[in-house]
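Here are the chains, one letter per residue:
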Amino acid sequence: MSAKIVVYIDQVKGKALPASWEVIGAAHVLAEKLGGEVATIVLGADSKPVAEQSFHFGAAAAFYCDDSSLADYRAEPYADVLVKAARDQGTEVLLFPTTTRGREQAAMSSIDLGSGVIPDVTALDVSDGKIVATRPVYAGRLISKAVCDAKPQVITTRVRAFKAPEADASKSGTPVALQAVRPEAEIRTKVVGYSLSEGGVSLTDANVIVSGGRGISNNPALTPPAGLDEKAAEIWRAQEGFKIIGELASVLKAAVGASRAAVDAGYIPYAHQVGQTGKLVAPDLYIACGISGAIQHQAGMRSSKVIVAINKDAEAPIFRLARYGVVGDLFEILPALTVVLRKRLGK
Amino acid sequence: MNIVVCIKQVPDSAAKMAVEGGQISWGEAPLVLNPWDEFAIEAALQLIEAGGGDLTVVSVGSESAKEALKTALAMGCTQAILVSDPALQGADSQASAHVLAGVIKKVGNVEAAFFGKQAIDGDMGVTAAQTARLLGWPMLGLVASIKVEGGKLQVEKSLEEGRQVVECQLPAVVSVSKDIGEPRYPSFMGIRKASRATIPTWDLAEIGVGAPTSVVHWPEVLNPPVREVKTEIITGGSAQEIAEKLADKILEEKVF
């Protein structure tokens, strides 16, 4: 068969990143309008079971390569296999999730395939047989339409912008094995270490996010342990504050976010930063605690479905985005909310 | 080690962006060095300070981009080059990558090309990997720390699920994440030096590359739909009462 639309499934050690299945949803949107079948390609260790799983999500064909040279993610050998498969299949549309690996692979394969790349799209349409992509620019403060004159079209879809098809275990198929392209001796990188980050829900995939800002260090009821200097005491207070956020997050199975001010002040690692120079998120529920809502923070979370703001300052700009607001002390409201929601959600 | 850092000039991150009469406007906000690129410059400066070499900063843009290049010089970059050519009007990322690959070859003896994560105007984040592919150099994306050992780069890369430590033969292309640490402010001496610097402008003929064909176009840029939110302020006599009311509202939204 010729796989007109090919979806790159981003996976780690036999587990697909959830955003990968959403891309099959986006591929179906295009297949309906352009015709053709949707195939998947999965690379790396344990990629075969993931390729099999992709049939459940509606793939008509699946390719995989679990050659030892692809055991760890490395940009070059991955792109080589992907590009060869796209050429062999006469692929017209190559889709990726906008993950770290997905964006990188899209960029690299676009060069080999003599085309361009449209990353991080939130909507896809077809007009006069041409794909028109919609993508936020300036961190979502403007929206741009984008088209690519060359083929294949190389596009990455924003995480949570498209709906993953319902998995249907009765749909199955046999994936096709691909060969590695570049011999190990010609690969100039070597992975010498790997560590998984500690558990917790990832910000970009999260359905619910509870975020803390600068205000998280202002709990007047706390007395820092003796012997801390002013800065250390501030950080201690902030970490106590993030514990309160963490408790609510665990009840809601939510990810923990933070404003840039909180990250820059050393309250919490950068991985938690939401905003223009952090993560762009669009959960169903975003609870902003002690965050004033600087324009750069808004840029990172304004597409959230429901926003709740808890802040002492009634004039804080975050309230203009919020569906529900509480003007008050987050150190009183949050623990009470955690207790109530735990009870209501039956936990 | 000789390093080239590729930077871009963009409207300040606090700019109020709008589309007026089909044109993108950033109001009174200044054009600045792309904030993500500051991390790339910082990472490259640290390597040069530790091991010697030249740090060349390059930008594809109009004459005004010299201001961003001067900021980079003031931070400590050795020399700056502006690439400007009428044929680059509306260049897409792969066209820019072709030009940057040409510049990197022309500068000569370059062992690493550094980029920021993405530019905060187009939010593309693909030029580094495209340039790497054109050069045939390994791509080390979103690097959180870097060291040079025995003529090799060792980097720690941020991925969705964790960190990867990668060893790489030079030359290589590196994109730098914010984890590298706070970029330095330009020093007083640096600012003085930068203000006196003459920055050469290279056109495509000088670089020795033909006009690249842009294939990605932006037929339309729009203001985002206005977010219609009616804010409901929850009040009550006690934290308990507020929490109960807020929980009711949250559960009504059926997000769980």
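You'll find the structure just up there.
No experiment lies behind these values; they were computed from the predicted model shown. (Residues numbered from 1 in each chain as written. Chains lettered and ligands numbered in written order. Predicted model: local features only at pLDDT ≥ 70, side-chain atom pairs only at ≥ 80, totals over all residues. Heavy atoms only, no water.)

Side note on the overall build of chain A
Put simply, the rule reads: A helix here means a DSSP run of H or I that spans at least four residues, while a strand means a run of E at least two residues long, and both kinds are numbered starting from the N terminus. Burial classes follow relative accessibility: with a 1.4 Å probe on protein chains only, a residue under 20% of its type's maximum area counts as buried, one over 50% as exposed, and anything between as partly exposed. The contact criterion used throughout is that any non-hydrogen atoms of two residues lie within 4.5 Å. All accessible areas in this document rest on Shrake-Rupley with a 1.4 Å probe, and a residue is counted as covered only by the protein chains that are shown. His is not counted here, nor are the chain ends, while Lys and Arg score as positive and Asp and Glu score as negative. Each charge is placed at NZ for Lys, CZ for Arg, CG for Asp and CD for Glu.
Check the secondary structure of chain A and you find 8 helices and 18 strands. When the backbone C-alpha atoms are referred to their principal axes, chain A occupies close to 65 × 45 × 40 Å. Per-residue burial for chain A yields a buried fraction of 59% across its 347 residues. Sequence-distant contacts in chain A: of pairs separated by 6 or more residues, those separated by 24 or more amount to 64%. Here chain A has roughly 13300 Å² of accessible surface; of this, 50% comes from carbon and sulfur atoms. Distance between charge centres in chain A, computed from 38 positive and 36 negative side chains, equals 4 Å.

With respect to the overall build of chain B
For chain B, the count of helices and strands is 7 helices and 15 strands. Seen along its three principal axes, the alpha-carbon backbone of chain B occupies a region of about 70 × 50 × 40 Å. The buried share among the 256 residues of chain B stands at 51%. By element, 51% of the accessible surface of chain B is carried by carbon and sulfur atoms, the whole surface being about 11200 Å². With 22 positive and 32 negative side-chain charges, chain B shows a separation of 4 Å between the mean positions of the two kinds.

Focus on the sheet that holds strand β6 (residues 55-60) of chain B
In plain terms, the rule: Strands are treated as partners if at least two bridges between them are detected by DSSP. Axes here mean lines fitted to C-alpha atoms, for a helix over just the part in contact, with angles spanning 0 to 180 degrees between N-to-C directions.
Spatially, 10 strands are ordered β13(A)-β11(B)-β10(B)-β9(B)-β12(B)-β8(B)-β1(B)-β6(B)-β7(B)-β13(B) in an open sheet, and the strand pairing comes out mixed. One side of each edge strand has no neighbouring strand; the edge strands of this open sheet are β13 (189-196) of chain A together with β13 (201-202) of chain B. Of the strands in this sheet, β1 (3-7), β6, β8 (112-116), β9 (139-149), β10 (152-159) and β12 (172-176) of chain B touch helix α1 (residues 35-51) of chain B, which is tilted by about 170° from β1(B).

Structural notes on the interface of chain A and chain B
Quick reminder of the rule: Put simply, buried area is the surface a 1.4 Å probe can reach on two separate parts but cannot reach once they are joined, added for both. Only one rule defines a salt bridge in this text: a Lys or Arg side-chain nitrogen within 4 Å of an Asp or Glu carboxyl oxygen.
The interface of chain A with chain B comprises 89 residues on the first partner and 83 residues on the second. Among the residues of chain A in contact with chain B, A:Y138, A:R188 and A:Y324 are the three that bury the most area, contributing 11% of the side total. Our enumeration of links across chain A and chain B arrives at 6 salt bridges. A:R344 is the partner of B:E244 in a salt bridge, and the nearest nitrogen-oxygen pair spans 2.8 Å.

Let's talk about the packing of helix α3 (residues 75-88) of chain A against helix α4 (residues 100-112) of chain A
Residues and elements named next belong to chain A. The condition is simple: Under this scheme an angle from 65 to 115 degrees is roughly perpendicular, one under 35 degrees roughly parallel, and one over 145 degrees roughly antiparallel; angles in between are oblique. Crossings are classed by handedness, with left-handed meaning an anticlockwise turn of the near helix from the far one by less than a right angle and right-handed meaning a clockwise turn.
The geometry of α3 relative to α4 is characterised by a closest axis approach of 9 Å and an angle of 55° between their N-to-C directions. Here α3 is positioned oblique relative to α4, judged by the angle of their axes. Between α3 and α4 lies a crossing of right-handed hand. For the pair α3 and α4, contact is made by A75, E76, Y78, A79, L82, V83 and R87 and by E104, Q105, M108, S109 and D112, respectively.

A word on the environment of A:V256
Residues and elements named next belong to chain A. With respect to the helices and strands, V256 occurs in strand β15 (residues 255-258). Overall, the relative accessible area of 18% leaves V256 in the buried class. Residues in contact with V256, not counting those within four places in the same chain, are L203, V210, F242, I245, G246, A249, I268 and H272.

As for the sheet that holds strand β6 (residues 93-97) of chain A
Residue and element names in this part refer to chain A. On the basis of which strands lie adjacent, the open sheet formed by 7 strands has the order β7-β11-β6-β1-β4-β5-β12 and parallel pairing. The two strands at the open ends of the sheet, each matched to only one other strand, are β7 (117-121) and β12 (176-177). Note that strand β4 (residues 38-43) and strand β5 (residues 61-65) share 5 bridges and pair parallel. If you follow A39 over to β5, its bridge partner there is A61.

Observations regarding the pattern of salt bridges
The full count for this structure, using the stated rule, is 29 salt bridges over all chains. A salt bridge links B:K249 to B:E232; the shortest N-O distance between them is 3.0 Å. Residue B:K249 is located in helix α7 (residues 239-252), and its partner B:E232 is located in strand β15 (residues 232-233); the two are separated by 17 residues in the primary sequence. Overall, B:K249 belongs to the partly exposed group, its relative accessible area being 21%. Exposure remark for B:E232: the relative accessible area of 24% places this residue in the partly exposed category. Each of A:D80, A:D112, A:R182 and B:R133 takes part in one network of salt bridges that share partners.

A word on unusual backbone geometry
The amide bond that connects A:K151 to the next residue, A:P152, takes the cis arrangement and shows omega of 0°. Here A:P152 lies in the loop between β10 (142-148) and β11 (153-157). Put simply, B:L170 and B:P171 share a cis peptide bond, and its omega is 0°. With respect to the helices, strands and loops of the structure, B:P171 is situated in the loop between β11 (162-169) and β12. Of note, A:K13 is a non-glycine position whose phi angle comes to about 45°, a positive value. Position of A:K13 among the secondary structure elements: in the loop between β2 (11-12) and β3 (15-16). A positive phi angle, close to 45°, is found at B:L142, a residue other than glycine. Structurally, B:L142 can be placed in strand β9. B:L142 sits in the buried class, given a relative accessible area of 18%.

Re the nonpolar core
To keep things clear, this is the line we draw: Buried Ala, Val, Leu, Ile, Met, Phe, Trp, Tyr and Cys residues that are joined via side-chain atoms within 4.5 Å together make up what is termed a nonpolar core.
Among the nonpolar cores identified, the biggest contains 52 residues, and A:Y8, A:I41, A:L43, B:V83, B:I104, B:M139 and B:V173 are the most heavily contacted of them. If one sorts the elements of this core by residue count, α3(A) sits on top with 8 residues. Residues within four places of B:V173 in sequence aside, it is in contact with B:A113, B:F115, B:A128, B:A132, B:L135, B:W137, B:P138, B:M139 and B:L140. A:I244, A:L285, A:L341 and B:V10 belong to the second-largest nonpolar core, a separate cluster that totals 48 residues.

Quick look at the side chain of A:D284
In plain terms, the rule: Within 3.5 Å is the distance limit for a polar contact, defined as a pair of N or O atoms, with the added protein rule that one can donate a hydrogen and the other accept it, and that residues adjacent in sequence qualify only through two side-chain atoms.
Checked against the element boundaries, A:D284 lands in the loop between α6 (260-264) and β16 (285-289). Looking at A:D284, its side chain comes within polar contact range of the side chain of A:R160, at 3.4 Å. In this view, A:D284 contacts A:R160, A:N207, A:K305, A:V306 and B:V255; residues no more than four positions away in its chain are not counted.

Here's the deal with the packing of aromatic side chains
The criterion, for reference: A pair of Phe, Tyr and Trp rings is counted when the ring centres sit within 6.5 Å of each other, with Trp represented by its six-membered ring. The angle between the planes then sorts it: under 30 degrees is stacked, over 60 is edge-to-face, the rest tilted. Two conditions define a charge located above a ring, namely a distance within 6 Å from the ring centre to NZ of Lys or CZ of Arg, and an angle within 35 degrees of the ring normal.
Under the definition given, this model contains 4 aromatic pairs over all chains. The ring of A:Y73 is capped by A:R101, whose NZ or CZ atom sits 5.9 Å from the centre of that ring. The ring of B:W202 has B:K106 sitting right over it, with the charged end atom 5.5 Å from the ring centre.

Some words on helix α5 (residues 230-251) of chain A
Residue and element names in this part refer to chain A. Cut-off, in case you're wondering: One fewer than the residue count of a helix, multiplied by 1.5 Å, yields its expected span.
Taking 1.5 Å per residue as the helical rise, α5 with its 22 residues ought to reach 32 Å, and the 32 Å between its terminal C-alpha atoms agrees with that figure. Those residues of α5 that fall on the buried side of the exposure criterion are A233, E234, A238, G241, F242, I244, I245, L248, A249 and V251. Buried-residue contacts for α5 involve β14 (208-212), β15, α6, β16 and α8 (330-344). Two or three places before K231, at the start of α5, stands the capping residue D229, its side-chain oxygen 3.3 Å from that residue's backbone nitrogen.

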